[in-house]
Amino acid sequence: MNVKIQFSEKALASVNEIIARYPADKKKSALIPVLHIAQAEFDGWLSAETMDYVASILEIKPIEVYEVASFYSMFNLKPVGKCLLEVCRTSSCWLMGAEDVVRFIENKLNIKEGETTADGKFTLKTVECLGACGYAPMLQVGDKFYEFLTLEKTEKIIDNLDSTGKRSTYNGWQTGKESEIIMNRVD
Amino acid sequence: MSKKLLLQHIDVPGINTYEVYRKQGGYKAVEKALKEMTADQILEEVKTSGLRGRGGAGFPTGMKWSFLAKPEGVARYLVCNADESEPGTFKDRYLMEKIPHLLIEGMIASSFALGANTAYIYIRGEYFYVHRILENAIKEAYANGWLGKNILGTGYDLDLYMQIGAGAYICGEETALLESLEGKRGNPRIKPPFPAVAGLWGRPTVVNNVETIAAVVPIINEGGANYANIGVGKSTGTKLISASGHINKPGVYEIELGLPVEEFIYSDQYCGGIRNGKELKAVVAGGSSVPILPKELILKTAAGEPRLMSYESLGDGGFQTGTMLGSGGFIVMDEDTSIVKNLYTFSRFYHHESCGQCSPCREGTGWMEKILKKIISGNGTLSDVDLLWDIQSKIEGKTICPLGEAAAWPVAAAIRHFRKEFEEYVTNPQNIVDVKHYYRVNNLAAV
Ligand SMILES: Cc1cc2nc3c(=O)[nH]c(=O)nc-3n(C[C@H](O)[C@H](O)[C@H](O)COP(=O)(O)O)c2cc1C
Ligand code: SF4
Ligand code: FES
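Residues numbered from 1 in each chain as written. Chains lettered and ligands numbered in written order. Predicted model: local features only at pLDDT ≥ 70, side-chain atom pairs only at ≥ 80, totals over all residues. Heavy atoms only, no water.

## Here we look at the overall build of chain B
Counting secondary structure elements, chain B contains 18 helices and 14 strands. Relative to the globule expectation of 22 Å for 447 residues, the C-alpha radius of gyration of chain B, 22 Å, shows essentially globular dimensions. Each principal axis of the C-alpha distribution contributes one length, and for chain B these read about 75 × 45 × 40 Å. Within chain B, the fraction of its 447 residues that count as buried is 62%. The contacts in chain B between residues at least 6 apart in sequence include a share of 69% that link residues at least 24 apart. A total of about 15,700 Å² of accessible surface is found on chain B, and carbon and sulfur atoms cover 52% of it. Here chain B carries 47 positive and 50 negative side-chain charges, and the mean point of each set is 2 Å from the other. (Helix = DSSP H or I, 4+ residues; strand = E, 2+ residues; numbered from the N terminus. Rg over C-alpha atoms; globule rule 2.2 N^0.38 Å. Buried < 20%, exposed > 50% of the residue type's maximum accessible area, 1.4 Å probe, protein only. Contact = heavy atoms within 4.5 Å. Areas by Shrake-Rupley, 256 points an atom, 1.4 Å probe, with all protein chains shown as cover. Lys, Arg positive; Asp, Glu negative; His and termini not counted. Charge placed at Lys NZ, Arg CZ, Asp CG, Glu CD.)

Written out as structure tokens, the structure reads:
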């Protein structure tokens, strides 16, 4: 296989640390955590090249990676905007007005759910219950939960993200003490 | 004040750190378990406590542990189910976020009792910042000698790792969870064999919910008999309830099992009543999978007895007039709520989450979502309501895992108790626009 991409040194260290969590002949168990790291490293989505690379690291067949990547909703198999806005729309959030939040974002960004803005900054997605039901309605962006949303708050959150221009992803390998522990109950 | 066993110290500042947790008596259960008790004695205490699985099914934990196969020379595992994806449920997140060492302490004591030298906490992928809190707490536990080799000089070794999921409700089902932990798609396994015999990598495994494992700590500290004295009948101990929806005080509450539902909803100590002075319409008492009950039946049983927060009382009357305690995801709906639309959000959820292995589940959930969508968009007919009933009745008992039933029960219950509302939807669709489906976001009181 002629793979060109490569993890950063830091990511690779975490990958190896994760592989060590399983018996030596059960390397494949590291697949899901490693895919999270890969997604964060390579632009927020998993290309065929990225998945082949992960397969080579874990010494499994590429198909074993594809079938897993396509099963789990957190893995993006297509490019997404820099900020993926994920609004929960299941019962408790719906009861508290999640539909309004979705409509508001659609209007503000001039996109429909599932779409990405022309400048590639935002993708809007509706998702199922994220375990914030008592703090509804809620929105997830990268590794942050924004809860008790109002429309004003939603607008502020989006404007802030817009001004930083940074990609919001989950830095899956930042574990333990070296990472900043942020309590993301952004009220 | 009712007795608290898990969240007793939740308001102590810094209880999420090792130092403060330890100062409040943390890790005493590990000391007691490893130094003063044998594995069998711990199992006996858990049996005596009457503790039942807090993940949803309510299976007696002591009995589950006693099924664990112990062949010589084969590793066995404890796996903690922190996948928590049942709509309406957010208690495990609360516990891990606020007092992570309680879970770790429970994992150590339970692993010792089961003879496991490796244990995993499988946590849902979306709980990003909880991952960091847990990883950090695990590091602290290693650094202070509670994990690793020769713990407390007793010769007992334990490694504990966190494993993250990636967004799949089905991975909360224990065999799907094990598949996922092995790096595969989350397809539930056909049982038997049960995980107790062939679990993770085919080896004997116990899978328990976060709250179940945390409850082992007070059981060891105070003794199984004392634990069993709390609660009512076969519903012993305390339970974390995640309360959401149209109430004044949503959040996680630790209750003594047996608390009257009415007190839970209306007392200021708990939900604080229905918000905006509205009337209660219905409750889903145990997470999205359990049957919805209208006001009359959630507050009182069909026999007119006060309904209690317990496995037995919530189950009283079977599915005709009762429901289940489930995971404790307590979703409250006020008088303006459309039951049909709420049901649509559930059916869409189950269709999205079906793993697709069994036709009745894969096809049935898809059809139920489609028909409900047709009804709420004003294009339904009376025969659609009957068709919906027919489809749900053909799923139960015909699938590999209980997700099929979890998708069918809410549909059955909504039609059973609110058939008139479905009929109104299909006969007077022009009125639908006037139904207030939900609170407008801008009307929310500032929180
Ligand atoms: C579709 C489905 C989803 C489930 N989700 C969870 C879950 O998120 N957390 C959990 O603890 N148990 C869940 N369960 C129950 C588990 O299969 C299992 O019974 C439980 O983890 C056992 O732990 P306990 O005995 O401590 O409750 C789910 C079951 C099904 C069928
Ligand atoms: S019942 Fe549904 S979720 Fe469960 S195994 Fe069958 S198809 Fe998969
Ligand atoms: S229903 Fe939205 S977080 Fe649970």
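## Describing the pairing of strand 3 (residues 148-151) of chain B
All names here are of chain B. Where strand 3 and strand 4 (residues 156-164) come together, 2 bridges link them in antiparallel fashion. Its bridge partner being in strand 4, I151 is matched across the sheet by Y156. The antiparallel hairpin formed by strand 3 and strand 4 contains 4 residues in its connecting segment, where L152 sits at a positive phi of about 55 degrees. (Pairing = 2+ DSSP bridges.)

## A short note on the sheet that holds strand 14 (residues 329-334) of chain B
Taken in spatial order, the 5 strands line up as 9-8-14-11-12 (chain B) in an open sheet, and their pairing is mixed. The open sheet has two edge strands, strand 9 (251-256) and strand 12 (293-294) of chain B, and neither has a second partner.

## Some remarks on the packing of helix 1 (residues 9-19) of chain A against helix 2 (residues 31-41) of chain A
All names here are of chain A. Helix 2 packs onto helix 1 with a crossing angle of 170 degrees between their chain directions and a minimal axis gap of 10 Å. The angle between the axes of helix 1 and helix 2 places the two elements in the roughly antiparallel class. Contacts from A11, S14, V15 and I18 of helix 1 reach helix 2 at P33, V34, I37 and E41. (Axes fitted to C-alpha atoms, helices over the stretch in contact; angles between N-to-C directions. Parallel < 35°, antiparallel > 145°, perpendicular 65-115°, else oblique.)

## Observations regarding the packing of aromatic side chains
By convention here, two paired aromatic rings are described through the distance between centres and the angle between planes. Tallied over the full model, the rule gives 27 aromatic pairs over all chains. On the numbers, 6.4 Å between centres and 80 degrees between planes, the contact of Y22(A) with W201(B) is edge-to-face. Of this pair, Y22(A) sits in the loop between helix 1 and helix 2 while W201(B) is found in the loop between helix 8 (174-181) and strand 5 (205-209), placing the two residues in two different chains. Both residues of the pair, Y22(A) and W201(B), belong to the buried class. What links up through ring pairs into an aromatic cluster is the set Y22(A), Y77(B), Y120(B), Y161(B) and W201(B). Just above the ring of Y311(B) sits the side chain of R52(B); from NZ or CZ to the centre is 4.0 Å. Note that K370(B) overlies the ring of W367(B), its terminal NZ or CZ placed 5.0 Å from the centroid. (Phe/Tyr/Trp six-rings, centres within 6.5 Å; stacked < 30°, edge-to-face > 60°. Lys NZ or Arg CZ within 6 Å of the ring centre and 35° of its normal.)

## Observations concerning the site of ligand 2
Residues in contact with ligand 2 amount to 13 residues; listed here are only the nearest, C355(B), Q357(B), C358(B), C361(B) and C401(B). Grouping the constituent residues of the shell around ligand 2 by class yields 8 nonpolar, 5 polar and no charged. (Near = heavy atom within 4 Å. Nonpolar A, V, L, I, M, F, W, Y, C, P; charged D, E, K, R; others polar.)

## Considering the pairing of strand 5 of chain B
With respect to burial, strand 5 of chain B is a largely interior element, 5 of its 5 residues being buried. On strand 5 of chain B, burial covers both faces: T205(B), V207(B) and N209(B) on one face and V206(B) and N208(B) on the other are all buried.

## Focus on the sheet that holds strand 1 (residues 77-82) of chain B
All names here are of chain B. What the 5 strands build is an open sheet, ordered 3-4-2-1-5; its pairing is mixed. Every interior strand has two partners, whereas the edge strands, strand 3 and strand 5, have only one. If you compare each strand with its neighbour and ignore which way they point, the axes differ by 25 degrees on average. Of the strand pairs in this sheet, strand 1 and strand 5 are connected by 5 bridges, and their pairing is parallel.

## A look at the packing of helix 6 (residues 98-109) of chain A against helix 7 (residues 151-164) of chain A
Residues and elements named next belong to chain A. At a minimum axis distance of 10 Å, the contact between helix 6 and helix 7 shows a crossing angle of 45 degrees. Between helix 6 and helix 7, the interaxial angle falls into the category oblique. For the pair helix 6 and helix 7, the crossing hand works out as right-handed. Across the interface between the two elements, D100, V101, F104, I105, K108 and L109 of helix 6 pack against L151, T154, E155, I158 and D159 of helix 7. Residue composition of the contact of helix 6 with helix 7, grouped by class: 6 nonpolar, 1 polar and 4 charged. (Left-handed = near helix turned anticlockwise from the far one by under 90°.)

## Description of unusual backbone geometry
Cis geometry is found at the peptide bond from A136(A) to P137(A), where omega equals -10 degrees. For P137(A), the position within the fold is in the loop between strand 2 (122-127) and strand 3 (139-141). Of the consecutive residues K191(B) and P192(B), the connecting peptide bond is found in the cis state with omega at -5 degrees. Inspection of the secondary structure assignment puts P192(B) in the loop between helix 8 and strand 5. In this model, E59(A) sits at a positive phi of 55 degrees, which is unusual for a non-glycine residue. By the secondary structure assignment, E59(A) is in the loop between helix 3 (48-58) and helix 4 (62-69). Unusually for a residue other than glycine, N110(A) sits at a positive phi of about 60 degrees.

## What about the interface of chain B and chain A?
Each partner contributes residues to the interface: chain B has 73 residues there, and chain A has 63 residues. At the junction of chain B and chain A, the tally comes to 5 salt bridges. Counting across the interface, chain B meets chain A through 25 residue pairs in polar contact (both at pLDDT 80 or more). Of all the secondary-structure elements, those providing two or more residues to the side of chain B that touches chain A are helix 5 (91-98), helix 7 (128-143), strand 4, helix 8, strand 8 (238-245), strand 14 and helix 15 (339-353) of chain B. In terms of residue count, the dominant contributor to the side of chain B that touches chain A is helix 7 of chain B (9 residues). Grouping the amino acids of the side of chain B that touches chain A by side-chain chemistry returns 32 nonpolar, 23 polar and 18 charged. (Salt bridge = Lys/Arg side-chain N within 4 Å of Asp/Glu carboxyl O. Polar contact = N/O pair within 3.5 Å; in protein donor to acceptor, adjacent residues only side chain to side chain.)

## Observations regarding helix 17 (residues 382-393) of chain B
An α-helix turns once every 3.6 residues. As a result, residues three or four positions apart point the same way. Residue and element names in this part refer to chain B. Its 12 residues place the ends of helix 17 17 Å apart at the C-alpha level, agreeing with the 16 Å of an ideal helix rising 1.5 Å per residue. Within the sequence span of helix 17, burial applies to D384, V385, L388, I391 and Q392. Summarising the axial view, the buried residues of helix 17 lie within an arc of 125 degrees, below the 170-degree limit, and thus occupy one face. Against the buried residues of helix 17 lie helix 16 (359-376) and helix 18 (403-427). (Expected span 1.5 Å × (residues − 1). Arc of directions from axis to C-beta.)

## Comments concerning the pattern of salt bridges
The full count for this structure, using the stated rule, is 41 salt bridges over all chains. For D162(A), the salt bridge is made with K121(A), and the minimal N-O distance between the two is 2.9 Å. Taken together, the positions of D162(A) in helix 7 and K121(A) in the loop between helix 6 and strand 2 put the pair 41 residues apart, joining distant regions of the chain. Residue classification places D162(A) among the partly exposed positions, given a relative accessible area of 32%. Put simply, K184(B) and E179(B) hold a salt bridge, and the shortest N to O gap is 3.9 Å. In this structure K184(B) comes out as partly exposed when scored by relative accessible area, which is 29%. Look at E179(B) and you get buried, because its relative accessible area is 14%. Each of the salt bridges in this network shares a partner with another, and the network as a whole consists of R54(B), K91(B), D92(B), E211(B) and K239(B).

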